[in-house]
Amino acid sequence: MGVDPLQLKQALEQGVRIEGRITVLTGAGISAESGIPTFRGPEGYWTVGSVHYQPEQISNYAMFCRQPSEVWKWFLYRRGVCSAAEPNPGHLALAEMEGLLADRFTLITQNVDGLHLRAGNGLERTLQIHGNLNYMRCDKSCSDEAFLIPEALPAKGRGEEITPTEWDLLICPHCGSLTRPHVLLFDECYDETHYRFETALRVAAETSLLIVVGTEGATTLPNHIVECALGSGCTIIDVNVQRNRFSESAEASPQGLFIEGAASVVLTQVLTQLRAVLT
Ligand SMILES: [Zn+2]
């Protein structure tokens, strides 16, 4: 449990040597500390009439085509849960890390809750590989632009209906078609245009230090990212409340290590050590 400051310092020194780049990959673990459920558990179930849907059935493009109102209701409910949460010290440490490193820093996140942007990380250096549920985009793809869901559309409770006035806010401002959530759905593939998939892999291959936080690789892209980073000989630090499939990759990398602990605590320590290494 916890971190050996000397080991951490060595890993950071290895990572930032010769103007190296630092990439941070985050998953649900960091958001859990802000009280955001994974929506893979009971919070993710959705009931329409007498039918109960699993998260992968409701967060699904085929379902959106059949019942856009149910899919939007589910996402607006989740958006409400996330907007009531606050970024925690882990998120804030990553925003400060970007401030220190500027173009040498990239954040790749699987989280769609938008907390990294709210903590102060910049949109340009934050690759939201699963999207962001505060955004919508044209379902007819008249452009690739993602729009912030208007503030006038209030947070929705579970199962709450969308009024006709609110539907008007979910219309594409360019062509008047219905929009869809700007989130990668379970039956869709990663892509560069909307989710910067190729950029994420390229950044991982070019990074000299990868910090993996609160993810256990339930989806394929995080695994590719860690493989890319390991293949290019970069240092990997894995931060998690328990050992997982990435812990061994981290320990197999040069000066890499697994740090057992909460993201909010460990990332604050990493930030302190990083400041010392950079000065
Ligand atoms: Zn449109």
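Keep in mind that this is a model prediction, so the values were computed, not measured.

Draft legend 1. View of the pairing of strand β11 (residues 257-260). In terms of strand pairing, strand β10 (residues 235-240) meets β11 through 4 bridges, oriented parallel. Bridged to I237 within β11 is L257.

Draft legend 2. Expanded view of the sheet that holds strand β6 (residues 131-138). The 3 strands are arranged β7-β6-β8 in an open sheet whose pairing can be described as antiparallel. Looking along the sheet, the strands with just one partner apiece sit at the ends: β7 (146-148) and β8 (179-183). Sheet twist, expressed as the average angle between the axes of neighbouring strands with direction ignored, equals 50°.

Draft legend 3. Broad picture of the state of the cysteines. Per the counting criterion, the structure on display carries 0 disulfides. Lacking any disulfide linkage, C228 is separated from the closest cysteine sulfur, that of C234, by 9.9 Å. By relative accessible area, which is 28% here, C228 ends up partly exposed.

Draft legend 4. How the structure looks around the domain arrangement of the chain. The assigned domain composition of the chain is domain 1 (5-35 + 87-133 + 190-278) and domain 2 (42-84 + 145-183). Domain 1 and domain 2 are separated by 30 Å when their C-alpha centres are compared. With 9 residues of domain 1 in contact, the opposing surface of domain 2 contributes 9 residues. In total, domain 1 and domain 2 occlude about 780 Å² of area from one another, counting both sides; carbon and sulfur atoms represent 59% of this. Per-residue buried area on domain 1 facing domain 2 is highest for R118, L133 and Y195; these three make up 58% of the total on that side. Our count for the contact surface shared by domain 1 and domain 2 stands at 0 salt bridges. Linking domain 1 with domain 2 are 3 residue pairs in polar contact (both at pLDDT 80 or more), by the criterion used here.

Rules and cut-offs
Residues numbered from 1 in each chain as written. Predicted model: local features only at pLDDT ≥ 70, side-chain atom pairs only at ≥ 80, totals over all residues. Heavy atoms only, no water. Pairing = 2+ DSSP bridges. Helix = DSSP H or I, 4+ residues; strand = E, 2+ residues; numbered from the N terminus. Axes fitted to C-alpha atoms, helices over the stretch in contact; angles between N-to-C directions. Disulfide = S-S within 2.5 Å. Buried < 20%, exposed > 50% of the residue type's maximum accessible area, 1.4 Å probe, protein only. Domains from an automatic or database assignment. Contact = heavy atoms within 4.5 Å. Buried area = accessible area lost by both parts, 1.4 Å probe. Salt bridge = Lys/Arg side-chain N within 4 Å of Asp/Glu carboxyl O. Polar contact = N/O pair within 3.5 Å; in protein donor to acceptor, adjacent residues only side chain to side chain.

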